[in-house]
Amino acid sequence: MQNRKWIVLAAFMGVAAVSQMLWLNFAPVQTLIMERYGVSEFMAGFLTFCFPLLYVFFSMPAGAMTDRRGYRFTIGWSSVLMAVGAVIRIYEASFYALLIGQLAIAVAQPYVMNGITKLAADWFPEDEQAAATGLGTAGMFIGMAAGMATSAPLTEAYGLGGAMLIFAVISIVAAAIFLLFAKENGQALTQEQRAKTSRIAGMTAMEEFQHLIKDRSLTLIFILSFLALGFFNGLATWLEGILGENGVEPTDAGLVGGAMIIGGIVGSIIIPAISDKIQRRKPFLIFCGLAGAALAYPLCTSSNLTLLYSLGALLGVLFLPGYALLLAMSE
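Here's what I pulled together on the structure shown here. Keep in mind that this is a model prediction, so the values were computed, not measured.

A word on the pattern of salt bridges
Argument step 1. Applying the stated criterion across every chain, the model contains two salt bridges.
Argument step 2. One salt bridge connects K118 with D67, and the closest N-O pair in it is separated by 3.1 Å. Note that K118 is positioned in helix α6 (residues 116-123) and D67 in helix α3 (residues 41-69), a separation of 51 residues in sequence.
Argument step 3. Overall, K118 belongs to the partly exposed group, its relative accessible area being 25%.
Argument step 4. By relative accessible area, which is 27% here, D67 ends up partly exposed.

Now the structure itself:
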């Protein structure tokens with residue numbers, strides 16, 4: 001049982017990593033997309049920012065499905081949809097094939113990502129849940145780093161279609177591993193948690209929303225999540241354009257983004273574990289938010305690559321673990 005929980009978490013980390021990698025495939029090559037297909041900066045950027053946009057619309061249905069059908073079913077079918085979207089993108093002759101593939105992956109993403117809190121609560125004791133959630137989000141950040149750091153080099157080496165083929169194969173493998181090895185434990189819920197889950201499962205989606213929004217603490221978490229994820233999504237989407245204004249090449253901008261995500265991996269392993277150890281969330285969240293605010297301006301205005309790599313990594317270590325903490329608090 002002890003080993004099984006790590007296998008399930010690792011299977012989730014793989015699917016989560018792939019979903020984030022596919023999201024950011026086009027961010028480092030946005031200029032190439034504009035030139036190759038003759039589309040505007042808005043349309044090229046839409047390949048990336050359609051993800052947070054659709055997340056808004058599908059996050060509640062994804063959460064409701066996770067409550068009703070379980071996280072294995074929800075993550076399993078969405079990982080298959082994600083792989084289908086990745087396969088569609090192999091057809092590089094049309095910009096709209098890329099767009100349709102990205103939209104399919106973007107719809108799947110919230111159904112993948114919203115399962116981590118359920119999975120952590122199902123398999124891990126309360127004093128390990130933030131650390132487990134941190135590892136789950138570390139998987140996300142690994143995928144982000146891969147998407148930011150490898151998309152441009154793979155496109156240069158194999159062409160856009162070859163790069164999309166590689167990413168499609170990775171997607172299929174990740175989905176197959178999750179479907180083969182992930183299962184629900186169903187033993188970790190207390191009697192009180194089971195009763196609460198049962199009551200909520202009987203509600204409509206609107207009743208669920210009204211039930212949750214009345215909780216002031218949850219409402220505050222919603223607002224903080226909106227601000228923090230909006231900040232990060234905007235930075236990840238437009239980093240190439242922002243740094244390009246300072247004379248930074250697209251490949252270098254992708255590596256800066258990769259350094260930021262690698263820092264996030266390290267921070268998401270360390271900071272939530274410390275939070276679990278001392279059983280406090282709020283001080284760490286405040287610290288993460290202040291760190292992000294302090295580091296964003298110098299990151300976006302510098303042209304020194306050494307400084308940019310350092311700032312990106314530091315921003316990742318100090319700011320990105322806040323996501324795992326917010327998820328742990330919501331659970």
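Thoughts on helix α2 (residues 30-37)
Argument step 1. Considered for burial, the residues of α2 that qualify are Q30, I33 and Y37. Projection of α2 onto a plane perpendicular to its axis shows the buried side chains occupying an angular sector of 55°, all on one side.
Argument step 2. Note on α2: the residue one or two positions beyond its end, G38, has a positive phi of about 65°.

A few points about the nonpolar core
Argument step 1. Of all hydrophobic cores here, the largest spans 82 residues; its most connected members are I33 and F232.
Argument step 2. Sorting elements by how many residues they give to this core places helix α7 (residues 129-181) first, with 16 residues.
Argument step 3. Ignoring sequence-local partners within four residues, the contact set of F232 consists of W23, M144, M260, I261, F319 and L320.
Argument step 4. With seven residues, the next largest nonpolar core counts L218, I271, L325 and L326 among its residues.

Overview of the side chain of T66
Argument step 1. One can find T66 in helix α3.
Argument step 2. A polar contact of 2.8 Å, which involves the side chain of T66, links it to the backbone oxygen of A62.

Focus on the environment of F222
Argument step 1. Tracing the sequence through the fold places F222 in helix α10 (residues 216-244).
Argument step 2. Judged by relative accessible area, which is 35%, F222 ranks as partly exposed.
Argument step 3. In sequence terms F222 and Q20 are 202 residues apart; their C-alpha atoms lie 21 Å from each other.

Comments concerning a nonpolar patch on the surface
Argument step 1. On the surface, a cluster of nonpolar side chains totalling about 630 Å² of accessible area is made up of I7, L165, V169, V173, I177, L180 and F181.
Argument step 2. If you trace the backbone, I177 turns up in helix α7.

What to know about the packing of α6 against α7
Argument step 1. As a packed pair, α6 and α7 sit with axes 9 Å apart at the nearest point and diverge in direction by 140°. Classified by the angle between their axes, α6 and α7 sit oblique to one another. For the crossing formed where α6 meets α7, the hand is right-handed. Packed against α6, whose contacting residues are I116, A120 and A121, the element α7 presents Q129, A132, T133 and G136 at the interface.
Argument step 2. Residue composition of the contact of α6 with α7, by class: four nonpolar, three polar and no charged.

Here's the deal with the packing of aromatic side chains
Argument step 1. Per the counting criterion, the structure on display carries nine aromatic pairs.
Argument step 2. Taking 5.3 Å as the distance between ring centres and 85° as the angle between the ring planes, the aromatic pair formed by F46 and F49 counts as edge-to-face. Residue F46 and its partner F49 are located together in helix α3, separated by three residues, close to a single helical turn.
Argument step 3. Pairwise contacts between aromatic rings join Y37, F95 and Y96 into one cluster.
Argument step 4. Stacked on the ring of F73, the Lys or Arg R69 has its end atom at 4.0 Å from the ring centre.

Rules behind the numbers
- Residues numbered from 1 in each chain as written.
- Predicted model: local features only at pLDDT ≥ 70, side-chain atom pairs only at ≥ 80, totals over all residues.
- Heavy atoms only, no water.
- Salt bridge = Lys/Arg side-chain N within 4 Å of Asp/Glu carboxyl O.
- Helix = DSSP H or I, 4+ residues; strand = E, 2+ residues; numbered from the N terminus.
- Buried < 20%, exposed > 50% of the residue type's maximum accessible area, 1.4 Å probe, protein only.
- Arc of directions from axis to C-beta.
- Core = buried A, V, L, I, M, F, W, Y, C linked by side-chain atoms within 4.5 Å.
- Contact = heavy atoms within 4.5 Å.
- Polar contact = N/O pair within 3.5 Å; in protein donor to acceptor, adjacent residues only side chain to side chain.
- Patch = residues over 30% accessible without salt bridge, like charges linked within 9 Å, V, L, I, M, F, W, Y side chains within 5 Å.
- Areas by Shrake-Rupley, 256 points an atom, 1.4 Å probe, with all protein chains shown as cover.
- Axes fitted to C-alpha atoms, helices over the stretch in contact; angles between N-to-C directions.
- Parallel < 35°, antiparallel > 145°, perpendicular 65-115°, else oblique.
- Left-handed = near helix turned anticlockwise from the far one by under 90°.
- Nonpolar A, V, L, I, M, F, W, Y, C, P; charged D, E, K, R; others polar.
- Phe/Tyr/Trp six-rings, centres within 6.5 Å; stacked < 30°, edge-to-face > 60°.
- Lys NZ or Arg CZ within 6 Å of the ring centre and 35° of its normal.

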